[in-house]
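Below, each chain spelled out in residue letters.
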Amino acid sequence: MTSNRFAFFNGEFVPIEQAQVSVMTAALNYGLGVFEGIRAYWNADDGQLYVFHLREHMERLRRSCNIMFMNLPYSVDELYDLTVELLRREAFREDAYIRPLVFKSDHTIAVRLNNMTDAFVLYAVPFGQYIPGTAVRACVSSWRRIEDNIMPSRAKVSGGYVNSALAKTEALLNGYDEAIVLGGDGQVSEASAANLYIVRNGALITPPITSDILEGITRRVVAHLAQAELGVPVIERPIDRTELYVAEEAFFCGTGAEVKPIIEIDRRPVGSGAVGEITARLAELYSAVVRGCLPAYRAWCTPVYIDEGA
Ligand SMILES: Cc1ncc(COP(=O)(O)O)c(C=O)c1O
């Protein structure tokens, strides 16, 4: 694996070791940042690196900024171009993960969002699987998902990932692969850093965007693929905890998680205990789509390299 060499920081591309902040930075002390997680997939046949849904991620970054009083002096188009430029400089010929981060850079003890300075950094690293294994065992976490009136759950706020880290750590230390986090109302919200679908009576079901979830881009992609490609209906509605135990299939989805089958929840097998058929077909479709293998969905993939395209 190669490592990363550059960052776009304070308005210019610099060697990654020069992208540094002080220990006094407000964002480091109080979690005052918003970020995105974007994937780029290497397609060896095309000799091309494809960034998946780059524009949608940058649009969500700008929405997160708006919620958190962050001033990002770049348009979605500029963020798009900066990302392509960064990846060209890195010259990755493998899968990568791209991280834009907007944060409060002041050196102050004050805890607020207004009247502060915003900084922006963009970097990318080679990246493989986020959740190891082909199928996972999950537990319902004792931690509840951050509620929208406590901390914006639809924004990717740095500090909000304390909640994710607590849930994930508890799951791992208890021998599971991933956590399913309930909302304040006791209904299923999402995973530690991924959204969730179950299958019941042949239909996909996922919690609505009012269930304190992150409005996941993969969640929307999955809904589209299920309906358009598999003819599987998609229902957004609250999900009870025990529905997890009677689901025919279940899976996590997210930029990091991709489409990750769940075969066991709270020590109960999901369906037959093997990867479900709809889940398997969606995982396969998703992986073809993100690598730019399906012409119908090529527009969702931004090619990075100019001369090496198919
Ligand atoms: C808390 C949380 N929920 C859900 C997701 C899935 O969102 P997306 O599909 O946009 O990556 C993520 C990020 O991957 C996340 O961090």
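All values derive from a computational prediction rather than experimental measurement.

### Here we look at the domain arrangement of the protein
Then comes step 1: In terms of domains, the protein is made up of domain 1 (6-126) and domain 2 (136-290).
Then comes step 2: Relative to domain 2, the C-alpha centre of domain 1 lies at a distance of 26 Å.
Then comes step 3: Across the boundary between the two partners, domain 1 contributes 20 residues, which contact 20 residues of domain 2.
Then comes step 4: Here domain 1 and domain 2 share an interface that buries about 1700 Å² over both sides, 63% of which is from carbon and sulfur atoms.
Then comes step 5: Contact with domain 2 buries area across many residues of domain 1, yet Phe35, Phe52 and Arg60 alone supply 35% of it, more than any other trio.
Then comes step 6: Along the contact surface separating domain 1 from domain 2 lie one salt bridge.
Then comes step 7: Within the residue set of the side of domain 1 that touches domain 2, elements represented by two or more residues are strand E3 (33-35), strand E4 (38-43), strand E5 (48-52), helix H2 (54-67) and strand E6 (96-104).

### Some words on the packing of aromatic side chains
Then comes step 1: Considering all chains together, one arrives at 10 aromatic pairs under this definition.
Then comes step 2: Members of the aromatic cluster, each reached through a chain of ring pairs, are Phe8, Phe13, Tyr74 and Phe120.
Then comes step 3: Lying over the aromatic face of Tyr245, Arg268 brings its terminal NZ or CZ to 4.0 Å of the ring centre.

### So, the pairing of strand E1 (residues 6-9)
Then comes step 1: Across four bridges, E1 lies against strand E2 (residues 12-15) in antiparallel orientation. Across the sheet, residue Phe6 finds its bridge partner in E2, namely Pro15.
Then comes step 2: Bridge count for E1 against strand E7 (residues 118-126) is three bridges, and the pairing is antiparallel. By the bridge assignment, Phe9 is partnered in E7 with Val121.

### Observations regarding the layout of surface pockets
Vacant regions in the atomic arrangement are exposed by a probe of water-molecule size rolled over the atoms.
Then comes step 1: For the largest pocket, the calculated volume is near 420 Å³.
Then comes step 2: Taken together, 27 residues form the lining of the largest pocket, with Tyr97, Lys156, Tyr161, Ala193 and Gly256 sitting closest to its centre.
Then comes step 3: Listing elements by their share of the lining of the largest pocket, those giving two or more residues are H2, E6, helix H4 (161-173), helix H5 (217-230) and strand E14 (249-254).
Then comes step 4: In terms of residue count, the dominant contributor to the lining of the largest pocket is H5 (three residues).

### Some thoughts on the site of the ligand
Then comes step 1: Taken together, 15 residues are adjacent to the ligand, and Arg60, Tyr161, Ile217, Thr218 and Thr255 come closest.
Then comes step 2: The separation between an oxygen atom of the ligand and a polar side-chain atom of Arg60 is 2.7 Å.
Then comes step 3: Contacts to the ligand include Glu190, whose side-chain N or O atom sits 2.9 Å from a nitrogen atom.
Then comes step 4: Here the ligand loses 97% of its free accessible area of 380 Å² to cover by the protein chains.

### Section: the nonpolar core
Then comes step 1: The biggest cluster of nonpolar side chains holds 33 residues, and the ones touching the most others in it are Leu87 and Phe120.
Then comes step 2: Within the residue set of this core, elements represented by two or more residues are E4, E5, H2, helix H3 (76-90), E6 and E7.
Then comes step 3: Counting residues per element, this core draws most heavily on H3, at six residues.
Then comes step 4: Contact partners of Leu87, with chain neighbours within four places excluded, come to Ala40, Leu49, Val51, Phe92, Ile98, Ala124, Val304 and Tyr305.
Then comes step 5: Counting 24 residues, the second-largest nonpolar core is a separate cluster that includes Leu204, Val232, Cys253 and Leu282.

Conventions we followed
- Residues numbered from 1 in each chain as written.
- Predicted model: local features only at pLDDT ≥ 70, side-chain atom pairs only at ≥ 80, totals over all residues.
- Heavy atoms only, no water.
- Domains from an automatic or database assignment.
- Contact = heavy atoms within 4.5 Å.
- Buried area = accessible area lost by both parts, 1.4 Å probe.
- Salt bridge = Lys/Arg side-chain N within 4 Å of Asp/Glu carboxyl O.
- Helix = DSSP H or I, 4+ residues; strand = E, 2+ residues; numbered from the N terminus.
- Phe/Tyr/Trp six-rings, centres within 6.5 Å; stacked < 30°, edge-to-face > 60°.
- Lys NZ or Arg CZ within 6 Å of the ring centre and 35° of its normal.
- Pairing = 2+ DSSP bridges.
- 1 Å grid on protein atoms, 1.4 Å probe; cavity = no way out; pocket = protein on both sides within 12 Å on 5 of 7 lines; lining within 4 Å.
- Points joined across faces, edges and corners; volume = space filled by probe spheres on them.
- Near = heavy atom within 4 Å.
- Polar contact = N/O pair within 3.5 Å; in protein donor to acceptor, adjacent residues only side chain to side chain.
- Areas by Shrake-Rupley, 256 points an atom, 1.4 Å probe, with all protein chains shown as cover.
- Core = buried A, V, L, I, M, F, W, Y, C linked by side-chain atoms within 4.5 Å.
- Buried < 20%, exposed > 50% of the residue type's maximum accessible area, 1.4 Å probe, protein only.

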